[in-house]
Amino acid sequence: MAHWSTFEKETEKETKKLIGCISGIQDEEDQNFQMALKFAWSNFKFHRYLDADSHKIQRSINGIYEKLMVHSDLSKAGSWRRLTEEFLSSPLPNTHGTKTDTHYSVLSLLLFLSDSPSNTNFTERPRVKDTEPEDKFDWSKYLMEGEEIETGPFPDTPEWSEDESEEEDSQQPISREDSGIQLDRTPQEDQDTNSKTVPVAWTVGEPDARAWLEQHVVTPYWVGHAPRFPHSLHLHSNLLNVWDQHLYNTDPLYLPEEKAFVTETQVIRETLWLLSGVKKHFIFQHHDSKVSVRSNVVVTHLTSNCLRSVLEHIAVYGQAVFRLQRFIDEVTGHSSEPFPPGVGSSHSYRKGSEPPFRTYQAFVWALNKYFTSFKQELTTIEREVISNDETVTLSAVLERLSPHLAQIKVLHKVFCTGVAEVPPATPNVVRASHLLNTLYKAIIEYDSVGDASEQAVALLFSLWTETVRPYLEIVDEWIVHGHLFDPAKEFIIQRNKDVPVNHKDFWYATYTLYSVSEMVDNEEKLNDAASGSSGGDQGSSNRQLTMVSFLKPVLKQIIMAGKSMQLLKNLDCREAEDSGRSSRDAERKSLYTLFLESVQSRLSSPEESPTDKVTEEQATTRSLIKMQSIVAQHLEMEDVHDPLLAINFARLYLEQRDFHERFSGGDFMVDRSSQSVTCQTFELTLRCCLYPHIERRYIECCGNLMRTLKKDYRLLEYLQAMRKYFLLEAGDTMYDFYTAIFDKVQEKESWQQPSFLNVLLQEAVGQRYPEDSGRLSVFLEPLDPSRKKHPVNNLEVLTLSYKVPWPVDIVISSECQKIYNQVFLLLLQIKWAKYSLDTLRFGDFAEVTRKLEGSPAEEVKLKQPINQQIHRMCLLRVKLMHFVNSLHNYIMTRILHSTGLEFQNQVQEAKDLDQLIKIHYRYLATIHDRCLLREKVSFVKEAIMKVLNLVLIFSDRWRAGFGAWK
């Protein structure tokens, strides 16, 4: 260790103290102590920390100095600069030279340890430097020993030095004022001087310091009794004084008030600050969310009334900016100012840990994008004012900002109608619907004006495209992945969590469609029925139910596609796997992206060739002539004969490609109360750019579901089974079942036993359709005692049941089986009457005739009346058979068979499950009505039942014999 330096020895000593303090090991010869010592030395020598960067440290030192100068801490800034330079220029122990890495390392440590130097009170303490001891040894006497020096006649005069004279000359400044000579500057020098950044060429205590401050610091016009700024004495610059003098001379009661004088530049800057969203001003004041103008602010070249009118006009836009900015801060969570009591936010949308309201967030994002560009324009104007290259007046600034102010007015109007006027307790679904409807109606309203509001329409359309993004994302997630993700409950369709997907009522009770009544101001909740149509069609005629307007034309397709996709995701089918795999393999674009791309392609369509233009002009001319004739015919129907009006109407509606077909078809009715007739541009954009993508997804999802139900879940086979067993189309199979019951009834045997009936049904069905034997079953229901007196009603205790698996039970529900059972019982009663008449035999009269032939002579006289009775009985049987057979053939062929064929064709053409359910319900309603089971024609059914009851009574009397006829 003899070759170690003093620093290394001290480091070794301190390291051992550190190890002993931390580990508690005092024995330096200990193995653990030596390992810790080696570890510490390795970290000292081979550490991973970078050396101090002198350039970064110097920039930090200069930055602190500039910050102190900005805060006017001149003494502190001077001390900082002087002390750092002294430290860098002074040597350190064990370090040779100045401004070494060790110097900068110490300064880096001090900078890391510092905390806000500009906010710290600092007073430099005088430091007494250690004076070197004087050397009292007389070196001159020692060195001059033995020599004689001639001092001249004036020995006390010090020797003259040329260096001292030069230093004195250099210390005397050149005074331009005293000499009367002004140094000329070239334009290049002035330009170089102006290009420098905030030069600080003065120090406290110099005679020109106050003059420099007066030139570079704004007069504090915001304080009371502020000093007047110098201005021109021209008449135009003193219009205020002239006007005050005029009022003083003409009005004896005029009393001048104390005024705060400002320059027009200061008014311009505060105007720019107000429109930028700054809340603290002198000219403008904020009181209870309102912006007002200070009454005593004046400029010298305008009257107070003129200035006040201009500033009040600006304050209106400033208040609009303030309200919009406050709404942005609330939604983004950046609001830092508490609201006064009673003035709280009426549109605060989140409480606690509620999920974010994405529609408001998208609306705020669009507003923020606009205000970002607007503030950039304000910053550009303010830089021009600061540079002072050109004269900038308040009127010029307002004229330059007039397009932006008009847009702010539009935005504020939309905000007030769509957000601010909504009551605080309104659900999110109503808030979102109302905001989107407000934007939608505003676009149509401004678009109907024409070219005069082109900028407003462009602004509103960009605002609408941003605001509608959450809605389209919710729709896209639902119709693509079958998941309705809406945590904030802002979508007009809500998922009912209580109904699982595999429930039989999934298709009807899973989703709820919300709509808002604008006239009665309450919320209507409409369950999504099987029709899948919008709620506005189901409301009463005296209230106008509205929802998200732009989704109305495709609302049914969205509901059908969403429910179909969710059902597909929960079915173990090949279609869902294939569609999901194709969606994952191809980089699928979202619905919102497709919509934006379609809009962009529509707006930036390539120019057509001249030939195409000529062709299009010719086609347009022909269409215009044809449309004019059609419109003229419709106008003549209302006794309006105006060819010019017909031409204008034709040109107005010529933009719609499908208008000619609808108008000439006779089924088009013009709704004069609808705004959609006045303007078609925005609606055409939606029809061309948004609706086709939803329609395409609807066709794909519903088509996959229908193929899956028909192929994998045998939907058509189950529908055919319902017709075979309930409508008795499988006559040979069901014949064995019901004839066995009829035989038991005729033999007066007990037949109302569920086990017996189920055995009969299983035997009858199992012979031909063994796969359905386990699905069919018979139940007995209690019968009203008052109905038992009629034999035909005894069969009403029978209830046939068919087990339909999920998801086929969505189509064949329990309500459908009730209708099937009503038709089944009617057919069974007709079959019973027909079977009873068919089984009657003429051999039953042979015994009666035989008895009459062997009877005495007096009884032979009765033979002729008895034969007449037998004849009448046969005639009655024939008439009853004619009626029953005619009724049976009519119902089985004209009603059930023909209606069944129509039903099968409609099922094959069904595009979605909802349409299939409607077709099935309509089929059941048709056979229910045609079988006279409706309440309105119950009297006809009662008459038929009386005839059938008569048939059963007649059959019993026939079988009972001649004695029962009397």
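Residues numbered from 1 in each chain as written. Predicted model: local features only at pLDDT ≥ 70, side-chain atom pairs only at ≥ 80, totals over all residues. Heavy atoms only, no water.

Per an unreviewed UniProt entry, the recorded name for the protein chain is Gamma-tubulin complex component, and the organism is Cyprinodon variegatus. As stated in UniProt under Sequence similarities (unreviewed entry), the record for the protein chain gives "Belongs to the TUBGCP family." (UniProt positions renumbered as here; feature names shortened; annotations may be inferred.)

A. Looking closely at the pairing of strand β10 (residues 798–802). Here β10 lies mainly inside the structure; five of its five residues are buried. By the alternation rule, side chains of β10 split into L798, L800 and Y802 and T799 and S801, which are all buried. (Buried < 20%, exposed > 50% of the residue type's maximum accessible area, 1.4 Å probe, protein only. Helix = DSSP H or I, 4+ residues; strand = E, 2+ residues; numbered from the N terminus.)

B. Here's a closer look at helix α18 (residues 469–481). When the terminal C-alpha atoms of α18 are compared, their 17 Å separation across 13 residues agrees well with the 18 Å that a helix rising 1.5 Å per residue should span. Within α18, the full set of buried residues consists of P470, Y471, L472, I474, V475, D476, W478, I479 and V480. At the exit of α18 stands G482, carrying a positive phi of roughly 75°. (Expected span 1.5 Å × (residues − 1).)

C. Structural detail: the nonpolar core. Of all hydrophobic cores here, the largest spans 197 residues; its most connected members are Y471, F491, I493, W507, F550 and L913. Ranked by the residues each element gives to this core, the list is headed by helix α34 (residues 863–909), at 14 residues. When near neighbours in sequence (up to four residues on either side) are disregarded, F550 contacts L436, Y440, W464, V468, Y471, L472, L686, L690 and Y691. Counting five residues, the second-largest nonpolar core is a separate cluster that includes I57, L88, Y104 and L107. (Core = buried A, V, L, I, M, F, W, Y, C linked by side-chain atoms within 4.5 Å. Contact = heavy atoms within 4.5 Å.)

D. Quick peek at the environment of L272. With respect to the helices, strands and loops of the structure, L272 is situated in helix α12 (residues 264–276). Sequence separation of L272 and G318 is 46 residues, and the distance between their C-alpha atoms is 9.5 Å. Contacts of L272, omitting those with residues within four sequence positions, involve L378, I381, E382, V397 and L401.

E. Spatial organisation of unusual backbone geometry. In this structure, P807 follows W806 across a cis peptide bond, with omega equal to 10°. One can find P807 in the loop between β10 and α31 (814–838). Although it is not a glycine, K99 adopts a positive phi angle of roughly 50°. Residue position: K99 is located in the loop between α4 (74–89) and α5 (101–113). For K489, which is not glycine, the phi torsion reads 55° and is therefore positive. Mapped onto the elements, K489 comes out in the loop between α18 and β5 (493–495). Given the relative accessible area of 55%, K489 is considered exposed.

F. The arrangement of the packing of helix α13 (residues 304–332) against helix α14 (residues 358–387) in detail. Closest axis-to-axis distance for the α13/α14 pair is 10 Å, and the angle between their directions is 130°. Comparing their axes, α14 and α13 come out oblique. Viewed along their axes, α13 and α14 form a crossing whose handedness is left-handed. Counting all contacts with α13, which are made through V321, L324, Q325, F327, I328, V331 and T332, the residues of α14 involved are Y360, Q361, F363, V364, L367, N368, F371 and K375. Its residues placed into classes, the contact of α13 with α14 shows ten nonpolar, four polar and one charged. (Axes fitted to C-alpha atoms, helices over the stretch in contact; angles between N-to-C directions. Parallel < 35°, antiparallel > 145°, perpendicular 65-115°, else oblique. Left-handed = near helix turned anticlockwise from the far one by under 90°. Nonpolar A, V, L, I, M, F, W, Y, C, P; charged D, E, K, R; others polar.)

G. Main features of α14. Between its terminal C-alpha atoms α14 stretches 43 Å, which fits the 44 Å expected from 30 residues at 1.5 Å a residue. Downstream of α14 by a residue or two, N388 has a phi angle that is positive, lying close to 60°.

H. Expanded view of the packing of α13 against helix α15 (residues 394–420). Two elements in contact, α13 and α15, have axes separated by 9 Å at closest approach and are oriented at 45°. Classified by the angle between their axes, α13 and α15 sit oblique to one another. The interaxial crossing formed by α13 with α15 has left-handed handedness. Residue-level inspection shows V310, I314, Y317, A320, V321, R323, L324 and F327 of α13 in contact with α15, the latter providing L394, L398, L405, I408, K409, L411, H412, F415, C416, V419 and A420. Partitioned by chemical class, the residues of the contact of α13 with α15 number 16 nonpolar, one polar and two charged.

I. Main features of the packing of aromatic side chains. For the structure on display, the rule yields 24 aromatic pairs. Three or more aromatic residues joined by ring pairs form one cluster here, namely Y440, F461, W464, F550, F595 and F682. The lysine or arginine in question, K724, covers the ring of Y769, its NZ or CZ lying 3.6 Å from the ring centre. (Phe/Tyr/Trp six-rings, centres within 6.5 Å; stacked < 30°, edge-to-face > 60°. Lys NZ or Arg CZ within 6 Å of the ring centre and 35° of its normal.)

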